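Okay, here's what each chain looks like letter by letter:
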Amino acid sequence: MKRQPLRVGFDLDGVLLYNPARIVRPIIVFLKKYLLKRDLDKFYYPKNRLEKIFWFILHKSSLWPSPGIKELVKLVKQKKINAYVVSARYELLEKDFTRWINIIDPNKDFSGYFYNNKNDQPYLFKEKMIKKLKLDIYVEDNWDIVYYLKLKMKNEKLKIFWIYNILDQYIKHQYKFSSLKEVVKKL
Ligand SMILES: [Mg+2]
């Protein structure tokens, strides 16, 4: 019997899209603390140019497709995997979501694209979609979500591939990768 292609789900931000904030986050955390202290204003709004740049990086920080996307699309074209985008982005980011999908997968080789149009909690949305799509693998960068899915879905066949960042690199997990490129090599 011919083996069915693996059903693989991908998070968007931080997985299919490269997110520089993953690296500069410690700097931002520091800056935010410093700025908040100075302003004594919880609802801080960026004032000068530098502050605006940091704010942009923090809030709209997926700036380009991750290295490894081309290799991933190749796997899909070769029918080695069925790929799904499952992003917990809220409804208000729909336009940006569609724009990125067109950049990542211009020929629509992926099997489906899903974002969080009912504005559920991100981890609940992902759990629901993983079950619905009967995914074999889900690729995620956020450790909190990986941890939740690991606990909630430990009786399912699901494998969670985790793309870690420098700060989380000492956390133990069975399927742990430094980048999308490494994930694609494993698929
Ligand atoms: Mg993410």
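Before reading further, recall that the structure is shown in the block above.
Here's a quick rundown of the structure. (Residues numbered from 1 in each chain as written. Predicted model: local features only at pLDDT ≥ 70, side-chain atom pairs only at ≥ 80, totals over all residues. Heavy atoms only, no water.)

**Let's talk about the side chain of Asn116**
(1) Moving on: Summarising the element assignment, Asn116 is placed in strand β5 (residues 112-116).
(2) Moving on: In terms of polar contacts, Asn116 uses its side chain to reach the backbone carbonyl oxygen of Ala88, at 3.2 Å. (Helix = DSSP H or I, 4+ residues; strand = E, 2+ residues; numbered from the N terminus. Polar contact = N/O pair within 3.5 Å; in protein donor to acceptor, adjacent residues only side chain to side chain.)

**Focus: the packing of aromatic side chains**
(1) Moving on: Applying the stated criterion across every chain yields a total of 9 aromatic pairs.
(2) Moving on: Between Phe97 and Tyr115, the aromatic rings sit 5.2 Å apart at their centres with planes inclined by 50°, giving tilted as the arrangement. Taken together, the residues Phe97 in helix α4 (residues 94-104) and Tyr115 in strand β5 connect sequence positions 18 residues apart. Judged on exposure class, the residue Phe97 and its partner Tyr115 are both buried.
(3) Moving on: Counting every residue linked through ring pairs, the aromatic cluster contains Trp143, Tyr147, Trp162 and Tyr164. (Phe/Tyr/Trp six-rings, centres within 6.5 Å; stacked < 30°, edge-to-face > 60°. Buried < 20%, exposed > 50% of the residue type's maximum accessible area, 1.4 Å probe, protein only.)

**Some remarks on the pairing of strand β1 (residues 6-10)**
(1) Moving on: Bridge analysis of β1 against strand β4 (residues 81-90) gives 5 bridges, and the strand direction is parallel. Paired with Gly9 across the two strands is Tyr84, which belongs to β4.
(2) Moving on: Two strands pair when backbone bridges link them, and β1 and strand β6 (residues 137-140) are joined in this way by 3 bridges, in the parallel orientation. Following the sheet pairing, Phe10 is matched in β6 by Val139. (Pairing = 2+ DSSP bridges.)

**Remarks on the pattern of salt bridges**
(1) Moving on: Enumeration over the complete set of coordinates arrives at 10 salt bridges.
(2) Moving on: For Lys128, the salt bridge is made with Asp120, and the minimal N-O distance between the two is 3.1 Å.
(3) Moving on: Under the relative-accessibility criterion, Lys128 is labelled partly exposed at 38%.
(4) Moving on: Note that Glu127 and Lys131 form a salt bridge whose closest N and O atoms lie 3.0 Å from each other. Taken together, the positions of Glu127 and Lys131, both in helix α5 (residues 122-132) and 4 residues apart, correspond to about one turn of that helix.
(5) Moving on: One salt-bridge network, held together by shared partners, links Asp13, Arg89, Asp96 and Arg99. (Salt bridge = Lys/Arg side-chain N within 4 Å of Asp/Glu carboxyl O.)

**Some words on the sheet that holds strand β8 (residues 176-177)**
(1) Moving on: Taken together, the 6 strands give an open sheet; going across it, the order is β5-β4-β1-β6-β7-β8, and neighbouring strands pair in parallel fashion. The sheet terminates laterally at β5 and β8, the two strands that pair on one side only.
(2) Moving on: Contacting β4 and β5, α4 crosses the sheet at an angle of about 155° to β4. (Contact = heavy atoms within 4.5 Å. Axes fitted to C-alpha atoms, helices over the stretch in contact; angles between N-to-C directions.)

**Let's talk about the side chain of Asp11**
(1) Moving on: Among the structural elements, Asp11 can be located in the loop between β1 and β2 (17-18).
(2) Moving on: A polar contact of 3.2 Å, which involves the side chain of Asp11, links it to the side chain of Lys126.
(3) Moving on: Each residue touching Asp11, except ones within four places of it in the same chain, is listed here: Leu16, Val86, Ser87, Lys126, Tyr138, Val139, Glu140 and Asp141.

**Comments concerning the environment of Ser87**
(1) Moving on: Counting through the fold element by element, Ser87 comes out in strand β4.
(2) Moving on: For Ser87, the residues in contact, after removing those within four places along its chain, are Asp11, Leu12, Asp13, Phe97, Phe114, Tyr115, Asn116 and Phe125.

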